[in-house]
Amino acid sequence: MTDNNVFDHIKRALELIPMSASAAAVMRHAEREGFAKGHHGNDILLTPQGERDAFVAGELMTGRICRLLHSPVERCLQTAEQLRAGSGLKSVPQEWMGLRCDAYVTDHNSALDTLTRLVSEDGFYDEFIREMATSGDKIPYPHFKSPLIGTVNMIGHMVASGSSGLCVGVTHDWLVNVAASYVTGIPVARPAYADFLDTLFVWREKKDGCITTKV
């Protein structure tokens, strides 16, 4: 079951974000079933508890969500659908490949060897997050973009319209970890890796003619 701290974080963040702000919420999908080491897990679905948790998260976002995007992986669509149901949003969630990993890679098939290592090689996940968190504008792995470009691609796409409201993107743990590391400047370590429904909020406020980005 999702920790209540996740729901508290969502509530606190929404209290800080003005209704008029253009905002992005990069969220890990809800609780899923387990899968074996070395398995990509793209066919693994949410648990019943995960579906309930996503619905509750959606309820907390009632009246705030303007758009829902999701990775093409089924559990991300499931999460987005429950968020939509809980929030009462009328528009259907939209699939975006950037939330699979494409915001950070030049070509998915070419980067697959590196992505496979994330779920199959002991210790590589930690090394990967560390490298992606500290590479800045440098390219850390073949067929990847720099973390700077990848994060700008992902969050920029989510707030591209510049209109007010919260665009929620449902994705996977490493994308949330890398984006959080880059925008905060604080490398994410294992104890703080994104758990189910953990969310990075980024928004723009306009005050006295100046636009400020906040996290």
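Just so you know, the residues in each chain are numbered from 1, in the order the chain's sequence is written. The predicted nature of this model means local features are confined to residues of pLDDT at least 70 and side-chain atom pairs, given and counted, to a pLDDT of 80 or more, with totals for whole chains, interfaces and linings taken over all residues. Hydrogen atoms and water are omitted, and side-chain values are computed over all heavy atoms in the structure.

Colleague: Where do I start with unusual backbone geometry in this structure?
Modeller: Leaving glycine aside, a negative phi is the common case for residues, and trans is the common case for peptide bonds. Positive phi, normally seen in glycine, also occurs at H143, with a value near 70 degrees. Helix numbers and strand numbers start at the N terminus; a helix is a DSSP run of H or I with at least 4 residues, a strand a run of E with at least 2. With respect to the helices and strands, H143 occurs in the loop between α5 (124-134) and α6 (147-158). The residue L197 is not glycine, and still its phi comes out positive at about 70 degrees. Counting through the fold element by element, L197 comes out in the loop between α7 (173-184) and β5 (199-207). Classification of L197 as buried rests on a relative accessible area of 0%. We call a residue buried when its accessible area falls under 20% of the maximum for its residue type, exposed when it is over 50%, and partly exposed in between, using a 1.4 Å probe and counting protein chains only.

Colleague: Sorry if this is basic, but what is going on with the packing of α6 against α7 here?
Modeller: When two helices pack together, you describe them by how their axes are tilted relative to each other and by the distance separating the axes. With axes taken as lines fitted to C-alpha atoms, and helix axes fitted only over the stretch in contact, angles between N-to-C directions fall between 0 and 180 degrees. Packing of α6 against α7 brings their axes to within 10 Å, and their N-to-C directions diverge by 105 degrees. Taken as axis vectors, α6 and α7 run roughly perpendicular relative to one another. Contact residues: P147, L148, T151, M154 and I155 in α6; L175, V178, A179, Y182 and V183 in α7. Residues are sorted three ways: Asp, Glu, Lys and Arg are charged, Ala, Val, Leu, Ile, Met, Phe, Trp, Tyr, Cys and Pro are nonpolar, and all the rest, Gly among them, are polar. For the contact of α6 with α7, the class distribution of residues is 9 nonpolar, 1 polar and no charged. When describing relative orientation, an angle under 35 degrees is termed roughly parallel and one over 145 degrees roughly antiparallel, while 65 to 115 degrees is termed roughly perpendicular and anything else oblique. Residue contacts follow a heavy-atom distance rule, with two residues in contact if any of their heavy atoms lie within 4.5 Å.

Colleague: What should I look at first to understand the pattern of salt bridges in this one?
Modeller: Side chains that carry opposite charge are capable of pairing whenever their charged atoms lie near each other. Each salt bridge in this description consists of a side-chain nitrogen of Lys or Arg and a carboxyl oxygen of Asp or Glu lying within 4 Å of one another. Per the stated rule, a full pass over the model turns up 6 salt bridges. Salt-bridge contacts for K11 lead to D8; the nearest nitrogen and oxygen are separated by 3.8 Å. Taken as a pair, K11 and D8 lie in helix α1 (residues 4-16) at a separation of 3 residues, close to a single helical turn. Residue classification places D8 among the partly exposed positions, given a relative accessible area of 30%. One salt bridge in this structure joins D126 and R190, with 2.7 Å as the shortest N-O distance. On the criterion of sequence distance, the pair formed by D126 in helix α5 and R190 in the loop between α7 and β5 is long-range, its members being 64 residues apart.

Colleague: Can you help me understand the side chain of H70 in this one?
Modeller: Within the fold, H70 resides in strand β2 (residues 65-70). Side-chain polar atoms of H70 contact the backbone nitrogen of E95, separated by 3.4 Å. Not counting residues within four places of it along the chain, the set of residues in contact with H70 comprises C76, L77, A80, P93, Q94, E95, W96, L99 and V170. In protein, a polar contact means a hydrogen-donor-capable atom and an acceptor-capable atom, both N or O and within 3.5 Å, with residues adjacent in sequence counting only if both atoms are side-chain atoms; elsewhere, any N or O pair within 3.5 Å suffices.

Colleague: Would you mind showing me how to read the packing of α1 against helix α2 (residues 48-60) here?
Modeller: At their nearest, the axes of α1 and α2 sit 10 Å apart, and the two run at 20 degrees to each other. It follows from the interaxial angle that α1 and α2 lie roughly parallel. When you trace α1 past α2, the crossing you get is right-handed. Where α1 abuts α2, its residues F7, I10, K11 and L14 lie against D53, V56, A57 and L60. When the residues that make up the contact of α1 with α2 are grouped by side-chain class, the tally is 6 nonpolar, no polar and 2 charged. Definitions for this section: a left-handed crossing has its near helix turned counterclockwise from the far helix by less than a right angle. A right-handed crossing has that turn clockwise.

Colleague: Where do I start with the side chain of T171 in this structure?
Modeller: With respect to the element layout, T171 can be found in strand β4 (residues 165-171). One polar contact links the side chain of T171 to the main-chain carbonyl oxygen of L99, over a distance of 2.6 Å.

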